[in-house]
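Summary of structural features
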Amino acid sequence: MTKWTAADLPELTGRTAVVTGASGGLGLITAGELARAGARVVLAVRTVSRGEQAALAMSGRTEVRQLDVASLESVRRFAGEWTGDIDILINNAGIMQVPLAYTADGLESQAATNYFGPFTLTNLLLPHVTDRVITVSSQLHRRGHVRPGDLNWKARRYHATAAYCDSKLDATVFALELNRRLAASGSPVRSIVAHPGIATTNLTAHVGGVPGLVNRAMRFMVNDAEHGALPILYAASQDIPGGSYVGPDGPGSIKGYPAVRKPSRAASDPDNARVLWDATAELTGTGAQLPAAA
Ligand SMILES: NC(=O)c1ccc[n+]([C@@H]2O[C@H](COP(=O)([O-])OP(=O)(O)OC[C@H]3O[C@@H](n4cnc5c(N)ncnc54)[C@H](OP(=O)(O)O)[C@@H]3O)[C@@H](O)[C@H]2O)c1
């Protein structure tokens, strides 16, 4: 069977894509490929100089805008300044397994970056979105737990890996619930989840405590960054149903080419989703733009 690659991207001229965390790793590759296919790509990045450096190497129409997804103030400013349509919103920015730290909003930093930021950004930009929202998750969402009463690790002993898994599960629950709410409201917009399997990027560069060890030791068993970006590009461009979960087609969905796979049962549970949505809307002060599906 032929494998889908970035060379199979359709012509995207006339479309606008926003990619968060586009200054490095999978976001950089995703943004570059979308621009090459003709889209106008907005690189929404924490450090503008890094975004500009990344954009220099891209062909096509790119723009760099400042966005720190871990800061609700930055997210609100970015969304508030937006005018015009967004065809494809890609919530890609993420951090992994960092020590306990709280943002200026009082949010645990992995939850803030991987979940609260994308939740808020998506809800605020939704009136502009015409086609789809892609949330970049991880197979590690399977090891997460939805704990709406303690999303910020104040009642539990902090564990950096568990906090990453929880944040990715929360983001996946959100993306699937968003799709249900969009469908129930009659919106043509779809919400799709994509994950890269394991890909050698900066995210994994420090895993295990020895810089570069995992990336060097595992490079034959996992995706390189170009292959890791393929599920995101596939989700961003192919005619697949809203609510799909796209990841590598290899064993354990760790490596390979894009295919529609299955998220965990917890991620698909609508009861989990309703409680989580309400708790998150309250914590972030993001009014529910879409009511819960009946
Ligand atoms: N690589 C993997 O194996 C793997 C597996 C599963 C899921 N993922 C997911 O894939 C996504 C991309 O990760 P990656 O592997 O490409 O990691 P990466 O190489 O570390 O890149 C992460 C990107 O996110 C940006 N970022 C981090 N915090 C941000 C913030 N607060 N605001 C805006 N941008 C921020 C970084 O910007 P700076 O340049 O400013 O640091 C960087 O551009 C993440 O959501 C990650 O959880 C990756």
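Anyway, here's the lowdown on the structure attached to this text. Since this is a predicted model, take the numbers as computed values, not measurements.

Taken together, 29 residues lie around the ligand, and Arg50, Asp68, Asn92, Tyr164 and Thr201 are the ones closest in. Here an oxygen atom of the ligand and a side-chain polar atom of Ser23 are 3.1 Å apart. The side chain of Arg50 places a nitrogen or oxygen atom 2.7 Å from an oxygen atom of the ligand. Taking 890 Å² as the accessible area of the ligand by itself, protein coverage stands at 93%. Those elements that provide at least two residues to the shell around the ligand are α1 (25-36) and α5 (160-184).

Counting across every chain of the model gives eight aromatic pairs. Seen from their ring centres, Tyr115 and Phe116 are 5.3 Å apart, and the 45 degrees between their planes marks the pair as tilted. A residue is classified by how much of its surface remains accessible, and Phe116, at 0% relative accessible area, is buried. Within the aromatic cluster, the residues linked to one another by ring pairs are Tyr115, Phe116, Phe119, Phe174 and Trp277. The cationic tip of Arg156 hangs over the ring face of Trp153; the distance from NZ or CZ to the ring centre is 3.6 Å. In this arrangement the basic side chain of Arg181 is found over the ring face of Trp277, its NZ or CZ atom lying 3.9 Å from the centre.

Packing of helix α3 (residues 72-81) against helix α4 (residues 109-125) brings their axes to within 9 Å, and their N-to-C directions diverge by 20 degrees. With respect to α4, the axis of α3 lies roughly parallel. When you trace α3 past α4, the crossing you get is right-handed. Together, Leu72, Val75, Arg76, Phe78 and Ala79 of α3 and Gly117, Thr120, Leu121, Leu124 and Leu125 of α4 make up the contact between the two elements.

The rules we used
- Residues numbered from 1 in each chain as written.
- Predicted model: local features only at pLDDT ≥ 70, side-chain atom pairs only at ≥ 80, totals over all residues.
- Heavy atoms only, no water.
- Near = heavy atom within 4 Å.
- Polar contact = N/O pair within 3.5 Å; in protein donor to acceptor, adjacent residues only side chain to side chain.
- Areas by Shrake-Rupley, 256 points an atom, 1.4 Å probe, with all protein chains shown as cover.
- Helix = DSSP H or I, 4+ residues; strand = E, 2+ residues; numbered from the N terminus.
- Phe/Tyr/Trp six-rings, centres within 6.5 Å; stacked < 30°, edge-to-face > 60°.
- Buried < 20%, exposed > 50% of the residue type's maximum accessible area, 1.4 Å probe, protein only.
- Lys NZ or Arg CZ within 6 Å of the ring centre and 35° of its normal.
- Axes fitted to C-alpha atoms, helices over the stretch in contact; angles between N-to-C directions.
- Parallel < 35°, antiparallel > 145°, perpendicular 65-115°, else oblique.
- Left-handed = near helix turned anticlockwise from the far one by under 90°.
- Contact = heavy atoms within 4.5 Å.

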